[in-house]
Amino acid sequence: MTETEITRENGIKPKETAESETIRKRWYCVSLSPTGTVFKQESETSTGFLEIVNNASISWVDYAVLEEDFHKMARSAAIQLGFNEDMISAFNDNPYLKYRDSENEVGLKISAVQVKGFNVEPHPYLLLMKKNFILTIHPIFVDRRFTRLKRYAETVLKKLPSGIPLSDRLTLLLIRIVHESNDSNFEHLRQIEEQGDKLNESMIDPYTPRSKLGPEIYHMKHAVITYLNALWDTVDVLHTLRYGDADLISDDDKILEKLSSLVEDVNRQIGLAEHMSEVLSSGLEVLQSIYNNQLQNLNNRLALLMTYLTIIGTAVLVPNTLATMLGNSVFDIGPGDMWWYILLMGGSTILATGGVYMWVKKQGWLPRKMD
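Conventions and cut-offs
Here the residue numbers are simple positions, counted from 1 along each chain's written sequence. Where totals are concerned, whole chains, interfaces and linings use all residues; where local detail is concerned, this predicted model gives features only for residues with pLDDT of at least 70, and gives and counts side-chain atom pairs only at 80 or more. Heavy atoms from the whole structure form the basis of all side-chain values; hydrogens and water molecules are not counted. Strands are labelled as partners when DSSP assigns at least two bridges between them. Each helix corresponds to a stretch of at least 4 residues labelled H or I by DSSP, and each strand to a stretch of at least 2 residues labelled E; elements are numbered beginning at the N terminus. Remark: nonpolar core denotes a set of buried residues (Ala, Val, Leu, Ile, Met, Phe, Trp, Tyr, Cys) joined through side-chain atoms within 4.5 Å. Relative accessibility under 20% of the residue-type maximum defines a buried residue, over 50% an exposed one, and the middle range a partly exposed one, all with a 1.4 Å probe and only protein chains included. Only heavy atoms matter for contacts: two residues are in contact if any of them lie within 4.5 Å across the pair. Comment: axis = line fitted to C-alpha atoms, over the contacting stretch for helices; angle = value between 0 and 180 degrees taken between N-to-C directions. In this scheme, roughly parallel covers angles under 35 degrees and roughly antiparallel covers those over 145, while 65 to 115 is roughly perpendicular and the rest are oblique. Two helices cross in a left-handed way if the nearer one is turned anticlockwise from the farther one by less than a right angle. They cross in a right-handed way if the turn is clockwise. Positive charges come from Lys and Arg, negative ones from Asp and Glu, while His and the chain ends are left out of the count. Each salt bridge in this description consists of a side-chain nitrogen of Lys or Arg and a carboxyl oxygen of Asp or Glu lying within 4 Å of one another. The definition of a polar contact used here is a pair of N or O atoms within 3.5 Å, where within protein one atom must be able to donate a hydrogen and the other to accept one, and adjacent residues in sequence count solely through side-chain atom pairs. Each aromatic pair joins two rings of Phe, Tyr and Trp (for Trp, the six-membered one) with centres within 6.5 Å, and gets the label stacked for planes under 30 degrees apart, edge-to-face for over 60, and tilted for any other angle.

(A) Just the pairing of strand β2 (residues 38-43), in detail. Sheet topology places strand β1 (residues 27-32) next to β2; 6 bridges connect them, and they run antiparallel. In the strand pairing of β2, Ser31 is matched with Phe39. The hairpin turn running from β1 into β2, its antiparallel successor, is 5 residues long, and Gly36 in that turn takes a positive phi close to 95°.

This is the structure we're talking about:
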């Protein structure tokens, strides 16, 4: 794939030469030789990396791939650097596999979280360990979480104690790499919290339509759940490393305590995310209570309206019924009967209306302020 194709593939204009150069150089290698010399290089291919790694005391190789070709290119990269094909095929064939130990090789798959609004995307992030080096493979447009680590990689390798077993040094390097990834994931929790704060602002606005709040609340809860799933996967992998028996992982208690600290850090992140979920759930309960109160008030108003209509209807219906009945030819009513006719109409109206009012009041259908 040419530089122009790569840049267009990822939505970057070909004229942006600096960014294009970064995308083109998707391989990164840093190695520490037995003499203390550090080799560091970014490259378009992995040519020569295997020889450098084989002659080094410890190395880290990072490879960024196009997400749509992740499985194919990850397999090719792992084989190029001497990993067993069965190791990488196991992760490609089983999307739920997070850890694999095959004596001389160890493979891990954790999640690299990316957040855009309510859209939380956990991307696969492979760490393969063999002999004296670690190979990391991740999608090219997962945020540049290793920028700082790559900048200080020489210092990191030189600070690894030289008088300890290789498995100890390899484990310390692994801890540092995973720590950088966890920190980046934690930064994205802040973005989710910001989106949650905006949602809460919409929730307290009485004029926000429910048709808008419903989908946003769902997307927010889905984002938190997706984020939590990614962190739980990481905790499972770290627990397996901490209490597993892989030959490439250190047996030193102090180093293993560092792994335990990573687990505690992720658990704290999980606690914060769960707390945010609880706050969101509380907000939903408050919102539901507000809507229930609004519906109850509306029902009360409708019931009061029906009560008044019942009283008014009685005041009209009773005299109208009497007038219709007395207007029949059976009753010979003349001008001389006007006085008792008017008295009958007035009295029946007052008695019927008063009787209905007292009955409605006794039933408690009228507000107390009318007592």
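So, next bit.
(B) Main features of the nonpolar core. Residues Trp60, Leu173, Leu174 and Ile177 are the most contacted members of the largest nonpolar core, which totals 61 residues. Of all the elements in the fold, those that place two or more residues in this core are β1, β3 (58-65), β5 (105-116), β6 (119-130), α7 (153-159), α8 (166-203), α9 (210-243) and α10 (253-326). Looking at which element gives the most residues to this core, the answer is α9, with 13 residues. Other than its neighbours up to four places away in sequence, Leu174 contacts Leu108, Leu127, Met129, Ile134, Leu241 and Ile249. Counting 27 residues, the second largest nonpolar core, distinct from the first, contains Trp27, Val65, Ile137 and Ile140.

(C) Highlighting the sheet that holds strand β7 (residues 133-139). One open sheet holds the 7 strands; their spatial order is β2-β1-β3-β7-β6-β5-β4, and the pairing between them is mixed. Every interior strand has two partners, whereas the edge strands, β2 and β4 (99-101), have only one. The sheet shows a mean angle of 15° between the axes of neighbouring strands, direction not considered. Sheet analysis places β4 next to β5, joined by 3 bridges and oriented antiparallel. Looking at β5, one finds that Arg100 is bridged to Gly107.

(D) Region of the structure containing the packing of helix α4 (residues 70-80) against helix α5 (residues 85-93). α5 packs onto α4 with a crossing angle of 165° between their chain directions and a minimal axis gap of 9 Å. When the interaxial angle is binned, α4 and α5 end up roughly antiparallel. Crossing handedness for the pair α4 and α5: right-handed. Of the residues in α5, those touching α4 at His71, Ala74, Arg75, Ala78 and Ile79 are Glu85, Ile88, Ser89 and Asn92.

(E) Here's a closer look at the side chain of Lys109. As for its position among the elements, Lys109 is in strand β5. Within the buried set, Lys109 has no salt-bridge partner at all; the shortest N-O distance to an opposite charge, 8.5 Å, is to Asp233. Here the side chain of Lys109 touches Pro95 through a polar contact of 3.1 Å, landing on its backbone oxygen. Look past the residues within four positions of Lys109 in its chain and what remains in contact with it is Phe91, Asn94, Pro95, Leu97, Lys98, Pro124, Tyr125, Leu126 and Val237.

(F) Quick peek at the pairing of β3. With 8 of 8 residues buried, β3 lies mostly within the body of the structure. Side chains of β3 alternate between two faces, with Ile58, Trp60, Asp62 and Ala64 and Ser59, Val61, Tyr63 and Val65 buried alike. Sheet topology places β1 next to β3; 6 bridges connect them, and they run antiparallel. When the sheet's bridge partners are listed, Val30 is paired in β3 with Trp60. Inspection of the sheet shows β3 paired to β7 by 7 bridges, in the parallel sense. Note on β7: the bridge partner recorded for Asp62 is Thr136.

(G) Here's a closer look at α5. If you check which residues of α5 are buried, you get Met87, Ile88, Ser89, Ala90, Phe91 and Asn92. For α5, the side-chain oxygen to backbone nitrogen distance between the N-cap and Asp86 is 2.8 Å, and the N-cap itself is Asn84.

(H) Highlighting the packing of aromatic side chains. One pass over the structure, following the stated rule, counts 6 aromatic pairs. Taken together, a centroid distance of 6.2 Å and an interplanar angle of 75° make the contact between Trp27 and Phe49 edge-to-face. Placement of Trp27 in strand β1 and of Phe49 in helix α3 (residues 49-55) is noted, with a sequence separation of 22 residues between them. Judged by relative accessible area, which is 4%, Trp27 ranks as buried. Taking relative accessible area as the criterion, Phe49 reaches 1% and is therefore assigned buried. Plain terms: the ring middles of Tyr28 and Trp60 are 5.5 Å apart, the flat faces sit at 65° to each other, and that makes the pair edge-to-face. In this pair, Tyr28 is assigned in strand β1 and Trp60 in strand β3, connecting sequence segments 32 residues apart. Trp60 carries the same exposure label as Tyr28, and that label is buried.

Don't take any of this as a statement about function, it's just geometry.
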